[in-house]
Amino acid sequence: WVLMVTAQTPTNIAVIKYWGKRDETLILPVNDSISVTLDPDHLCTTTTVAVSPSFVNDRMWLNDKEISLSGRRFQNCLREIRNRACDFEDKQKGIKIEKKDWEKLHVHIASYNNFPTAAGLASSAAGFACLVFSLAKLMNLREDQSQLSAIARQGSGSACRSLFGGFVKWIMGKDEKGSDSLAVQLADEEHWNDLVIIIAVVSSRQKETSSTSGMRESVETSLLLQHRAKEVVPKRIVQMEKAIKNRDFSSFAQLACADSNQFHAVCLDTSPPIFYMNDTSHRIISYVEKWNRSEGSPQVAYTFDAGPNAVMIARNRKVATQLLQRLLFFFPPNSDTDLNSYVLGDKSI
Ligand code: DP6
């Protein structure tokens, strides 16, 4: 027999960024972060996990290519899940698995991303969230989403936020072992569904400095990171929660843009400095800033992760349509810019 579970998980985009760990192994951050999870039909990972007595070892395929499972992060997640596995019985199929048997059973995992891996579109977030969720279903875990998020966190920090839809906060926690470093939902998918997300794929090439090594270097060398984590983010988290609760787009956009810019300032403050954005990214920022100023209040928020791709959040569908038209006019893909395409990350327009 073979027992199988398939799950689909969208990626999430941080509007208050996670940058820096206080514990590298457990993946414990130096500050809280807040993100928005995209709709499941765009930028998602689909993962099928299977278990069978005939499997002789654990194996995984990512986009049809077999990958190694020896990495510490994967092994930590799998161990946490196996430890919490529960009895399972399917009388119709005659399958009975006791808690203690899960350790002896091997898993096969097939995972697909519908977007470029490691292009700064947070594929590890969707990937680990989906992996943990599907394995947890397969092994019949009783844990709730927040508890599962603390397992996904050990795969990749940002993954913990993809266990929920809507707006999500990753609480940094205080416990040394990380038991209270987990994600909670701030507002569900329906709460603020006017927002439309457009991603300008400035480059789909693999980034030069991974988030993991980039944030390690920032923790070791950037004084601005210390100031940001202690003084800036705690206040911004409170303000951002309020903006989301009240659907206050002006505050939301101001906070998201400022936080993205400070995160990239921390990267510049790192020694040696890390450059994630390029000229096209900077031109997009200037363009959005000018537009927002000419309207008298923000219409579009921008945010950039560890890569040059611009994530833009329009306040409603009308603005999103205008934004896309203007972007296509001023920043046409495949022209003299290094822009490849635009992706609609949320409700289509
Ligand atoms: C810039 O979650 O990819 O996207 O925990 O080392 O796997 P690891 O890093 P990762 O970092 C994401 C950083 C970010 C900001 C964010 O998503 O909050």
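Below is a short write-up of the structure.

Criteria and cut-off values
- Residues numbered from 1 in each chain as written.
- Predicted model: local features only at pLDDT ≥ 70, side-chain atom pairs only at ≥ 80, totals over all residues.
- Heavy atoms only, no water.
- Pairing = 2+ DSSP bridges.
- Helix = DSSP H or I, 4+ residues; strand = E, 2+ residues; numbered from the N terminus.
- Axes fitted to C-alpha atoms, helices over the stretch in contact; angles between N-to-C directions.
- Near = heavy atom within 4 Å.
- Polar contact = N/O pair within 3.5 Å; in protein donor to acceptor, adjacent residues only side chain to side chain.
- Nonpolar A, V, L, I, M, F, W, Y, C, P; charged D, E, K, R; others polar.
- Parallel < 35°, antiparallel > 145°, perpendicular 65-115°, else oblique.
- Left-handed = near helix turned anticlockwise from the far one by under 90°.
- Contact = heavy atoms within 4.5 Å.

It is worth spelling out the sheet that holds strand S11 (residues 106-113) at this point. Across the sheet, 5 strands lie side by side as S1-S6-S11-S7-S8; this open sheet has mixed pairing. Lying at the two open borders of the sheet, with one neighbouring strand each, are strand S1 (3-10) and strand S8 (65-67). Going from strand to strand, the sheet's axes swing by 20° on average, the running direction of each strand aside. By the bridge criterion, 8 bridges tie strand S6 (residues 44-52) to S11 in an arrangement that is antiparallel. Within S11, the position partnered with Thr47 by the bridge is Ser111.

Another point: the sheet that holds strand S13 (residues 182-187). Strand order in the open sheet formed by 4 strands is S2-S5-S12-S13, with antiparallel pairing between adjacent strands. Edge positions in the sheet fall to strand S2 (12-16) and S13, since each has one partner strand and no second. Pairs of neighbouring strands in the sheet enclose a mean axial angle of 35°, with direction left out of account. Judged from the 5 bridges that link them, strand S12 (residues 167-171) and S13 form a sheet pairing that is antiparallel. Residue Lys169 lies in a different strand from S13, and its bridge partner there is Val184.

Our focus in this paragraph is the site of the ligand. By nearness alone, 18 residues border the ligand, and Tyr18, Lys21, Arg73, Ser156 and Ser158 come closest of all. For the ligand, an oxygen atom lies 2.7 Å from a polar atom in the backbone of Gly157. No other element matches helix H4 (residues 211-221), which puts 3 residues into the shell around the ligand. Of the residues contributing to the shell around the ligand, the split by class is 7 nonpolar, 6 polar and 5 charged.

Look at helix H7 (residues 279-295) against helix H8 (residues 317-330): their axes get within 12 Å of each other, and the N-to-C directions meet at 135°. Classified by the angle between their axes, H7 and H8 sit oblique to one another. As H7 runs across H8, the sense of the crossing is right-handed. Residues Arg283, Tyr287 and Trp291 of H7 pack against Val319, Gln322, Leu323, Arg326 and Phe330 of H8. Residues belonging to the contact of H7 with H8 are distributed by class as follows: 5 nonpolar, 1 polar and 2 charged.

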